[in-house]
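Examination of the molecular architecture
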Amino acid sequence: MIEISLNKINKSYGFNNVLNNLSFDVKTNERVALIGSNGCGKTTTLKIIMGIESYDSGNISIRKESKIGYLTQMPPKEDDNVSAKSVYLRGVQELIDLENKISDFVENMSSNEKDIKLLDKLQEEFRISGGYSLKEKIEKIRNGFKITNELLDREYNKLSGGEKTLINLASIILSNPDILLLDEPTNHLDSQAISFLENYLKGYKNALIVVSHDRYFIDVVSNKIIEIENGKSHSYNCRYEEYSIQKRTQRAIDLKHYINQQKEIKKIQTVGDIINYLSSHV
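Presented here is an overview of the structure given in this document.

The rules behind these values
- Residues numbered from 1 in each chain as written.
- Predicted model: local features only at pLDDT ≥ 70, side-chain atom pairs only at ≥ 80, totals over all residues.
- Heavy atoms only, no water.
- Salt bridge = Lys/Arg side-chain N within 4 Å of Asp/Glu carboxyl O.
- Helix = DSSP H or I, 4+ residues; strand = E, 2+ residues; numbered from the N terminus.
- Buried < 20%, exposed > 50% of the residue type's maximum accessible area, 1.4 Å probe, protein only.
- Pairing = 2+ DSSP bridges.
- Axes fitted to C-alpha atoms, helices over the stretch in contact; angles between N-to-C directions.
- Contact = heavy atoms within 4.5 Å.

Here we take up the pattern of salt bridges. Tallied over the entire structure, the rule returns 13 salt bridges. Among the ionic pairs, K11 bridges to E53, the shortest N-O distance being 3.7 Å. You can see K11 sitting in strand 1 (residues 2–13) and its partner E53 sitting in the loop between helix 1 (42–50) and strand 4 (57–62), a full 42 residues away along the chain. On the basis of relative accessible area, K11 is assigned to the buried category, the value being 6%. Given a relative accessible area of 22%, E53 falls into the partly exposed group. Note that K146 and D190 form a salt bridge whose closest N and O atoms lie 2.5 Å from each other. Of this pair, K146 sits in the loop between helix 5 (134–144) and helix 6 (149–153) while D190 sits in the loop between strand 6 (179–183) and helix 8 (191–202); the two residues are 44 residues apart in sequence, bridging distant segments of the chain.

Ordered in space as 5-6-7-3-8-9, the six strands form an open sheet in which the pairing is mixed. On the outer flanks of this sheet lie strand 5 (68–71) and strand 9 (232–236), each paired with one strand and no other. Each strand of the sheet is rotated relative to its neighbour by a mean of 15°, with strand direction disregarded. In this sheet, strand 9 lies alongside strand 8 (residues 224–229) in antiparallel orientation, the contact comprising five bridges. For E227, the partnering residue across the bridge sits in strand 9 and is H234. Relative to the sheet, helix 1 contacts strand 3 (31–35), strand 5, strand 6, strand 7 (207–211) and strand 8, its axis offset from that of strand 6 by approximately 145°.

Glancing now at the environment of G131. Within the secondary structure, G131 is located in the loop between helix 4 (113–128) and helix 5. Owing to a relative accessible area of 7%, G131 belongs among the buried residues under this scheme. Placed 23 residues apart in sequence, G131 and R154 show a C-alpha to C-alpha distance of 26 Å. Setting aside residues up to four positions removed in sequence, G131 forms contacts with L95 and F126.

Attention now goes to the pairing of strand 2 (residues 16–27). In this sheet, strand 2 lies alongside strand 1 in antiparallel orientation, the contact comprising eight bridges. Across the sheet, I2 pairs through a bridge with K27, a residue of strand 2. Count of turn residues in the strand 1/strand 2 antiparallel hairpin: two residues, of which G14 carries a positive phi of about 65°.

Structure, rendered in structure tokens:
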């Protein structure tokens, strides 16, 4: 199933044409590494998908009702007095509220059939949403990223940039979105946290687009490469290491063609020089 489709996207900043008929699809279970040189438009592409950045022409299609999780390089500011814990749990707050609603209902319910049916309905909704494994998941992700209770109790806006990124990343992972967009997720992470993230993403069953300068990381987590070059996209249905081999092979072929082309041009020029010389001396 196609989760995201970009068709002939064009984007310019003044006279600088960043994206030129950029087109690609991302399907369920595809873990895409979006690569390219600095300034090629990787972050811009993520922002366009999120609707944060406008584009000049083209079309974007995102599967209806998809939940998107987006990690930016610059963590957003929150309202004053918002705790790091509130940000961490934001993506599952509705499920936490449902659990509290069930607890309150049980305390005050009667034994009549109507209340029993309503309780069954609430509990089934909680079960389907993964509520019974929620506490375990909250602790697993918190421990995986080494997020302490002391950090969670602090005011979010007073955290360092790295701490904010960590909290936002953990929050997005906890929310388990249908589409996951990660812009340089390994920044500020230690080796243990990176290893935890790698293992999580390798088993991710939804759609992922990740931008990272860490080539080992994207080789581990991705199963598809989309390269942006001269504003256009080129897709490779493989991991980064295999892409690198294909790219080197193609460059060698292109170089050989170029050298042969230059030889032919030189031959033509030489023959032309000879003809011109003979013509002028007849």
